[in-house]
Amino acid sequence: MGNEYSVVGKRLPRIDAHGKALGQMQYIEDIVLPRMLCGKILRSPLPHAKILNIDTSKAERLPGVKGIVTGKGIPRKTYGIVPKAHDEYALAIDKVRYIGDDVAAVAAVDEDTAEEALSLIKVDYEPLPAVFDPEEAIKPGAPLIHEEYGSNISAKILKNFGDIDKGFAEADYVREDRFYHQAVNHAPLEPHGAIALYDARGKFTVWSSTQIPFFMRRNLAKTLDVPESDVRVIKPTVGGGFGQKLDLFAKDFGAAWLARQTGRPVKIIYNREEVFTCTRQRHPMVIYVKTGIKKDGTIVAQHCRIYADGGAYNSTAPLIITLSAYFMMIPYMIRNLRFEGHHVYTNKPVGGAMRGHGIPQVRFGCESSLDMLAEEAGIDPVALRLKNALRANEPHPAQYKIYTCGLSEAIEKTAESMQWKDRYGKLPKGHGIGIAASAYPSGLNNMSHIGAGAIVKIQQDDGSVTLLSGAADIGQGAESMLAQIAAEVLGVTLQEMRVLAADTELTPLDSGTFGSGVTFRAGNAARLAALDARKQIADVVADKLEVSPDDLVFRDKRVFVQGSSDKGMSWNEAIKAVQYADKPMPIVGRGFYHVDAVEPTTLLTQEGNFSPAYSFMAQGAEVKVDLETGQVKVLKVTAGHDCGFALNPISVEGQLEGSVAGGAGQAIYEDIDWDEGRIRNTNFLDYKMLTSLEMPDVENIEVITNDPYGPFGAKEAGEGTIIPTAACITNAVYNATGVRIKELPITPEKILKGLEELKAKAAAKA
Amino acid sequence: MKQLIELKVNGEVYEVAIESHRTLLEVLRESLGFVGTKRGCDEGTCGACTVLVNGKPILSCLMLATDAIGAEIETIEGQAITGKPSPLQKAFVDYGAIQCGFCSPGMILSAKALLRENPKPTEREIKEAISGNLCRCTGYIKIVEAIKVAAESNV
């Protein structure tokens, strides 16, 4: 493996790292345009209310205020992620549905004036009864949040495979439990922002901290009611997203609308409280899991019923519950299976895509259920998982096409490294280990944007290469990954590569950073574009060397004949040769990758493949629990990880370590604290994430499977790794204490309560 | 009512007219163009706006600009020597300590203050020194490694 490649698979620094280390990269708030105005959003103080009237006259008279827009003045056009589920106006019309809902936008000469203007806008509300709990919201008579649906269940899906009744009848052990996964904030360090410019030809240019520039363009055009061609979206450097920067927000619409209204550029940056309240969060979810296993550990049936609390709008629904369903069917072979998913409206901030998107919740329930059954049946949790682990190219009940699968190897190696056999159940009280597994798609087959384009441009005889890609780097290293792929194909170094990305006017269509498809889609597109350019160069060089183009090797800035490396020329000479052969310059290579999705699964179909490739991960946690205080310390997470092939091992490790930080945070600290629809902890003092002091050790065990369709064998690498973390920590906490946590996070209170209950039970027995 | 103050940033003196309630973060970013100093929360909880004032890491969103009059202020823009990354910055680049990069300027300055006072810190001391700088991407492991490497190479 070591010498096969020169650029991919190498521990190379990212191409944007120097700029970031020097503080030179431009994030949204760093961009300043001449005569730019400052915009602010007025928000609802009520969880549910009719808007009777909005009086902006006082605010309009305030010196320095240049523009105001409310829901009354905008097109009645809804937006969202899934086309059939658009349900949100850019600014609230008729009513507000959560505390923080967007009511009006103002633009003023400075921030102080804009804030004063907000305080001068008078909104008359008629409060409506509100509902905050998804299981309450589905009861008859609950206040309707979107009347047009006639119910607060905005989306429902049912998946059925095999014969669930027969399966449970065959089981030797069956149990059903209720789990709850809390709401979690993505908390990217960079708050969300947008800047808009409206030019004399009636065109908008919008810079936005977005993960999907092309989706942003589509939603902006729709809500502004202008053709898509009138909107150009440019993604500057983005300071983390984790799914939270997928959607259009009032800041994007407000900046664009007010830029047109005022004739001046408008910038809107959210503060941290707005990021917590008015963007997106991981869906809180109620999960009922019933699992049946045989004495030998075979899972014979599983039934899962979930209620995802979507808050006031759909955002990614029904996709979120669809993903929950898909990942019940993987990573284990379950022949009899039923999934009932509900996406429920409540008068709370909106659920959206977050790293893992609907899957960490379900896998937390399923992986806990498996451990509980393993104990009942007297089976080792590792053996139980190995017994049921999916294998590559096995017929799958839902017709998934799994070409590569390193799950068993990941479980085995993880257990081995943790010295599972010697330590499980043998550690002193308060000290425990646990395991969990998952899988993740490399992009989705059934979304509208399932393709990606790329252009490779070689313009100068100095041999420098420009790659144009629509992919959105939000900090995960997408641009560097693409540069490595193109450089490998062309046989140049990263030094020659420049990536121009995520500008809807300049770069080819791309589905964006979404569903972990960037490496697969944009990576393959970059590979194909580079191959196209290479072929054009190879034709000329082959002529000169009087060999076949197929015999040429491009490597380490040389083009030479396979097997006789002295017969060739330098990369720069090769480019010059193309130029002097009077071939058209610049050399342009074009690539487009489209997922083969002839019969993808949909919400309605029962069967079908939904991703071109699946990554697999097993994680083991080692924890220590203070039996006096109930405090949990995660000492180490060991992670076996099949990402196909690590295009950049440093980046893959970084993704894993970041996942563990997030997953451990969700296991033991992170929790949105509600009070009647108001978030109480909208800051980093009260919303606790891991700091450097709490971060556990992480051991990365690479499982290489070389996917036949992934670029250089690579699959998804950065998202699925967050899924097993909270589940394996929960299992380890049980192993350490005997306390089974069914509601995250694992707080000291819950541990102490559980220990008390165990004591009482033991006393009753005695 | 604005007042004219002088601030010494990265060794150069700037004259700037500000309202007295402006924070050092606002003045650095908006009046002087040092946008490498990041605003992550504006309430002293994330560490992204960390700069050095007389060698000590401080949260510039919690300090009034007028309180920095006469002090030596160091920002990320002053760390590179004639455009070349400092050994600490280079270690951050080489060891994968940077993902989205939004916490990096503050993180690098916290690390710099540590290494100045304690050129050979233990791993625990490194973790303590950066515990006020949140990072949502990296899980801190590669950041700690980069600071260790920089310490070993005698920054």
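Residues numbered from 1 in each chain as written. Chains lettered and ligands numbered in written order. Predicted model: local features only at pLDDT ≥ 70, side-chain atom pairs only at ≥ 80, totals over all residues. Heavy atoms only, no water.

1. Quick look at the overall build of chain A
Now for step 1: Broken down by element type, chain A carries 19 helices and 30 strands.
Now for step 2: Against the 2.2 N^0.38 benchmark of 27 Å for 766 residues, chain A shows a C-alpha radius of gyration of 27 Å, consistent with a compact globule.
Now for step 3: In terms of its C-alpha atoms, chain A occupies a principal-axis envelope of roughly 95 × 75 × 50 Å.
Now for step 4: Burial status across chain A gives 66% buried among its 766 residues.
Now for step 5: Pairs at least 24 apart in sequence give 80% of the contacts found in chain A among residues at least 6 apart.
Now for step 6: As presented, chain A carries roughly 26,800 Å² of accessible surface, and 49% of it is formed by carbon and sulfur atoms.
Now for step 7: Within chain A, one finds 85 positive and 96 negative side-chain charges whose respective centroids are separated by 2 Å. (Helix = DSSP H or I, 4+ residues; strand = E, 2+ residues; numbered from the N terminus. Rg over C-alpha atoms; globule rule 2.2 N^0.38 Å. Buried < 20%, exposed > 50% of the residue type's maximum accessible area, 1.4 Å probe, protein only. Contact = heavy atoms within 4.5 Å. Areas by Shrake-Rupley, 256 points an atom, 1.4 Å probe, with all protein chains shown as cover. Lys, Arg positive; Asp, Glu negative; His and termini not counted. Charge placed at Lys NZ, Arg CZ, Asp CG, Glu CD.)

2. Quick word on the packing of aromatic side chains
Residue and element names in this part refer to chain A.
Now for step 1: What the rule picks out here adds up to 23 aromatic pairs over all chains.
Now for step 2: Here Phe-276 and Tyr-687 contribute two aromatic rings whose centre-to-centre distance is 5.2 Å and whose plane-to-plane angle is 65°, an arrangement assigned as edge-to-face. You can see Phe-276 sitting in helix H8 (residues 272-278) and its partner Tyr-687 sitting in the loop between strand E29 (678-679) and strand E30 (697-704), a full 411 residues away along the chain. Taken as a pair, Phe-276 and Tyr-687 share a single burial class, namely buried.
Now for step 3: Residues Phe-554 and Trp-571 carry aromatic rings whose centres are separated by 6.5 Å and whose planes lie at 70° to one another, so their mutual orientation is edge-to-face. Of the two residues, Phe-554 sits in strand E22 (residues 552-555) while Trp-571 sits in helix H16 (residues 571-580), which places them 17 residues apart along the sequence. For the pair Phe-554 and Trp-571, one class covers both residues: buried.
Now for step 4: The rings of Tyr-326, Phe-327, Tyr-400, Tyr-440, Phe-610 and Tyr-614 are connected pair by pair, giving a single aromatic cluster.
Now for step 5: Above the face of the Phe-168 ring, Lys-290 is positioned so that its terminal group lies 4.4 Å from the ring centre. (Phe/Tyr/Trp six-rings, centres within 6.5 Å; stacked < 30°, edge-to-face > 60°. Lys NZ or Arg CZ within 6 Å of the ring centre and 35° of its normal.)

3. Regarding the side chain of Thr223(A)
Residue and element names in this part refer to chain A.
Now for step 1: Of note, Thr-223 is situated in helix H6 (residues 213-224).
Now for step 2: With relative accessibility at 1%, the residue Thr-223 sits in the buried group.
Now for step 3: Within the local environment of Thr-223, its side chain forms a polar contact with the backbone oxygen of Leu-220, the two atoms lying 3.2 Å apart.
Now for step 4: Discounting chain neighbours no more than four positions away, the residues touching Thr-223 are Pro-75, Lys-77, Tyr-79, Ala-90, Leu-248 and Phe-253. (Polar contact = N/O pair within 3.5 Å; in protein donor to acceptor, adjacent residues only side chain to side chain.)

4. What to know about the pairing of strand E3 (residues 65-70) of chain A
All names here are of chain A.
Now for step 1: Of all six residues in E3, five are buried, a share of seventy percent or more.
Now for step 2: Relative to strand E7 (residues 102-108), E3 is paired through five bridges, and the arrangement is antiparallel. Within the sheet, the bridge partner assigned to Val-69 lies in E7 and is Ala-105. (Pairing = 2+ DSSP bridges.)

5. Concerning the sheet that holds strand E6 (residues 95-96) of chain A
Residue and element names in this part refer to chain A.
Now for step 1: The sheet built from three strands is open, its strands ordered E6-E2-E8 with antiparallel pairing. Here the strands that pair on one side only, and so sit at the sheet edges, are E6 and strand E8 (122-127).
Now for step 2: Examined bridge by bridge, strand E2 (residues 49-55) and E8 share six bridges and lie antiparallel to one another. Bridge assignment links Ala-49 to a residue of E8, and that residue is Pro-127.

6. So, the domain arrangement of chain B
Accessible area lost on assembly of the parts is the figure often given for the size of an interface.
Residues and elements named next belong to chain B.
Now for step 1: According to the domain assignment, chain B consists of domain 1 (2-78) and domain 2 (87-152).
Now for step 2: Taken residue by residue, the interface counts 17 residues in domain 1 and 14 residues in domain 2.
Now for step 3: Summed over both sides, the interface between domain 1 and domain 2 buries roughly 1,200 Å², with carbon and sulfur atoms accounting for 59% of that surface.
Now for step 4: Considering only the side of domain 1, the residues that lose the most area to domain 2 are Thr-50, Leu-52 and Ile-76, jointly responsible for 36% of the buried surface there.
Now for step 5: The interface formed by domain 1 and domain 2 contains three salt bridges. (Domains from an automatic or database assignment. Buried area = accessible area lost by both parts, 1.4 Å probe. Salt bridge = Lys/Arg side-chain N within 4 Å of Asp/Glu carboxyl O.)

7. Observations concerning the interface of chain B and chain A
Now for step 1: Counting from both sides, the interface comprises 46 residues of chain B and, opposite them, 50 residues of chain A.
Now for step 2: The junction of chain B with chain A conceals about 3,800 Å² of combined surface from both sides, 59% of it contributed by carbon and sulfur atoms.
Now for step 3: The largest contributions to the chain B side of the interface with chain A come from Val93(B), Gln99(B) and Arg136(B), which together make up 21% of the buried area.
Now for step 4: Where chain B touches chain A, the interface holds seven salt bridges.
Now for step 5: For the salt bridge of Glu657(A) with Lys142(B), the shortest nitrogen-to-oxygen distance reads 3.4 Å.
Now for step 6: At the junction of chain B and chain A, the tally comes to 21 residue pairs in polar contact (both at pLDDT 80 or more).
Now for step 7: When residues of the side of chain B that touches chain A are traced back to their parent elements, those giving at least two are helix H2 (87-94), helix H3 (104-117), helix H4 (123-129) and helix H5 (141-152) of chain B.

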